[in-house]
Amino acid sequence: GPCNDNNSTSTRGNFGFVAQYHKDDFDPRGHTNFVYKPGNIHFGSTDYDFASLLITRVVVNGQVVEEKATWSGKGKLNQEKQPSHCFRVNTTDRGEPGSSDSWRIKIWKGSGSGNSLNCSAESNVVYDDLMEKTLGGGNIQVHPPLHQ
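In this text, all values refer to a predicted model and were calculated from it rather than measured experimentally. (Residues numbered from 1 in each chain as written. Predicted model: local features only at pLDDT ≥ 70, side-chain atom pairs only at ≥ 80, totals over all residues. Heavy atoms only, no water.)

Draft legend 1. Representation of the overall build of the protein chain in the model. Per the secondary structure count, the protein chain includes zero helices and 10 strands. Along the protein chain, from the amino end to the carboxyl end, the secondary structure elements read β-β-β-β-β-β-β-β-β-β. The globule rule puts the C-alpha radius of gyration for 148 residues at 15 Å, and the 15 Å found for the protein chain is close to it. Each principal axis of the C-alpha distribution contributes one length, and for the protein chain these read about 50 × 40 × 25 Å. For the protein chain, the residues scored as buried account for 39% of the 148 residues in total. Residue pairs in contact within the protein chain that sit at least 24 positions apart in sequence constitute 51% of those at least 6 positions apart. (Helix = DSSP H or I, 4+ residues; strand = E, 2+ residues; numbered from the N terminus. Rg over C-alpha atoms; globule rule 2.2 N^0.38 Å. Buried < 20%, exposed > 50% of the residue type's maximum accessible area, 1.4 Å probe, protein only. Contact = heavy atoms within 4.5 Å.)

Quick look at the structure:
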């Protein structure tokens, strides 16, 4: 991240995110926001799962052609008081200007809520793109972690 798709229409999902590690800390920080008006979905993350942010590179002939990122966590759906939903994002940065970048989010209702929220059973799916979909606008930027 950060990413934003400001070309919002009533039929397209819109999202923004930041997901990053800080030095010597494997608890990723940031925020993921997803709005899909036709499904009455407004999801906001409250916490990322420990060590869930994974970044991989695809290199062809010495050139980076793709950088992929995935992360997961917990959050709130549509103004609920306590987080009771879980999510996972998969995204691919295929370079500038971003027209071939892709994104997928899966959101499901966990068992329990708040601090006792359990996300292990990915049933009760609220929203799932099923596969990464090419962006209709905007740009995703994945930056590899800096080596210390």
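Draft legend 2. Main features of the pairing of strand β6 (residues 63–77). Here five bridges tie strand β4 (residues 41–48) to β6, and the two strands are oriented antiparallel to one another. When the bridges of β6 are listed, F43 appears paired with L77. Note: strand β5 (residues 54–60) against β6, seven bridges, orientation antiparallel. Bridge pairing links L54 to T70 in β6. Between β5 and β6, which pair antiparallel one after the other, the connecting turn spans two residues, and N61 there sits at a positive phi close to 50 degrees. For β6 and strand β7 (residues 85–93), the ladder comprises nine bridges, and the chain directions are antiparallel. Its bridge partner being in β7, E67 is matched across the sheet by D93. (Pairing = 2+ DSSP bridges.)

Draft legend 3. Up close: the state of the cysteines. Following the criterion strictly, the structure yields one disulfide and no others. Put simply, C86 and C119 are joined by a disulfide, and their sulfur atoms are 2.1 Å apart. Taking the sign of the S-S torsion, about -80 degrees here, the bridge from C86 to C119 comes out left-handed. Highlighted residues: C86 in strand β7 and C119 in the loop between β8 (102–109) and β9 (125–128), separated in sequence by 33 residues. Like C119, C86 is buried. (Disulfide = S-S within 2.5 Å.)

Draft legend 4. The arrangement of unusual backbone geometry in detail. Geometrically, the link from E96 to P97 is a cis peptide bond, its omega value of 10 degrees lying close to zero. Summarising the element assignment, P97 is placed in the loop between β7 and β8. Not every positive phi belongs to a glycine, and N61 is a case in point at roughly 50 degrees. Residue position: N61 is located in the loop between β5 and β6. For L130, which is not a glycine, the phi torsion comes out positive at approximately 70 degrees. With respect to the helices and strands, the residue L130 is situated in the loop between β9 and β10 (133–134).

Draft legend 5. The arrangement of the environment of Q63 in detail. As for its placement among the helices and strands, Q63 is situated in strand β6. For the pair formed by Q63 and D25, sequence separation is 38 residues and the distance between their alpha carbons is 29 Å.

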